[in-house]
Amino acid sequence: MRAQRFRSRVGFGTAVATTATRTVTWNGSLAAGASVTITISATINGSATPGATISNQGMAHYDPDLNGTNDASALTDDPSAPGAADPTTFTVLGGAKVPALSPLALLLLSVCISAAAIVALRTS
Ligand SMILES: [Ca+2]
Ligand SMILES: [Ca+2]
C-alpha cells in the first residue's frame with residue numbers, strides 16, 4: 001500500500017504516515033465514553049500479485065489508570081471474523097484484461113486501412 005496517499009480525516013489530534021514502517025499513527029485525547037473514527041485511504045501497488053492476501057490491524061494505546069502515561073493497549077478487531085482481535089484481511093483481485101489484437105490481426109488491420117486510404121485518394 002502507498003501510505004503517501006494517507007490523509008487525516010479525524011479533524012483533531014495528530015496523524016502521521018510512515019512509509020518505511022508501513023504504519024499510520026494518530027495521537028489525540030478523547031473524553032471518557034467518546035469515540036473516534038480514523039479513516040485511512042490507501043492504494044494497493046499495481047505490482048501486487050492477484051490472490052495475495054493483504055492484512056491490516058490497528059492497536060490502541062491508552063491510559064486506564066489516568067496517570068498521564070499510556071500503559072495498556074488493545075488490538076482492533078475485524079467483526080466479520082470470529083476472534084476478538086482479528087486483523088482485517090482481503091485478497092488482491094486480478095486486473096481487468098484489455099482486449100488487444102494479435103500481431104497478425106494488427107497487420108491485416110493496417111493493410112485494410114491502407115487499402116481504404118488508397119481507394120479514397122483515387123476516387124477524390
Ligand atoms: Ca497509565
Ligand atoms: Ca473478530
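Residues numbered from 1 in each chain as written. Chains lettered and ligands numbered in written order. Predicted model: local features only at pLDDT ≥ 70, side-chain atom pairs only at ≥ 80, totals over all residues.

Draft legend 1. Geometry of the overall build of the chain. The number of helices and strands found in the chain is one helix and six strands. Mapped from its N terminus to its C terminus, the chain presents α and β elements in the order β-β-β-β-β-β-α. The C-alpha radius of gyration computed for the chain amounts to 27 Å, which surpasses the reference 14 Å derived for 124 residues by more than 25%, pointing to a less compact arrangement than a globule. Here the C-alpha coordinates of the chain stretch approximately 90 × 35 × 25 Å along the principal axes. The 124 residues of the chain split such that 0% are buried. Of all intrachain contacts in the chain linking residues separated by at least 6 positions in sequence, the fraction that spans at least 24 positions is 44%. (Helix = DSSP H or I, 4+ residues; strand = E, 2+ residues; numbered from the N terminus. Rg over C-alpha atoms; globule rule 2.2 N^0.38 Å. Buried ≥ 20, exposed ≤ 12 C-beta atoms within 10 Å, placed from the backbone. Contact = placed C-beta atoms within 7 Å.)

Draft legend 2. Representation of the environment of Ser-41. By the secondary structure assignment, Ser-41 is in the loop between β2 (23–27) and β3 (53–56). Residues Ser-41 and Phe-90, 49 residues apart in the sequence, show an inter-C-alpha distance of 15 Å.

Draft legend 3. Expanded view of helix α1 (residues 103–123). Look at α1: 30 Å from first C-alpha to last across 21 residues, which is about the 30 Å you get at 1.5 Å a residue. With zero of 21 residues buried, α1 lies mostly on the surface of the structure. (Expected span 1.5 Å × (residues − 1).)

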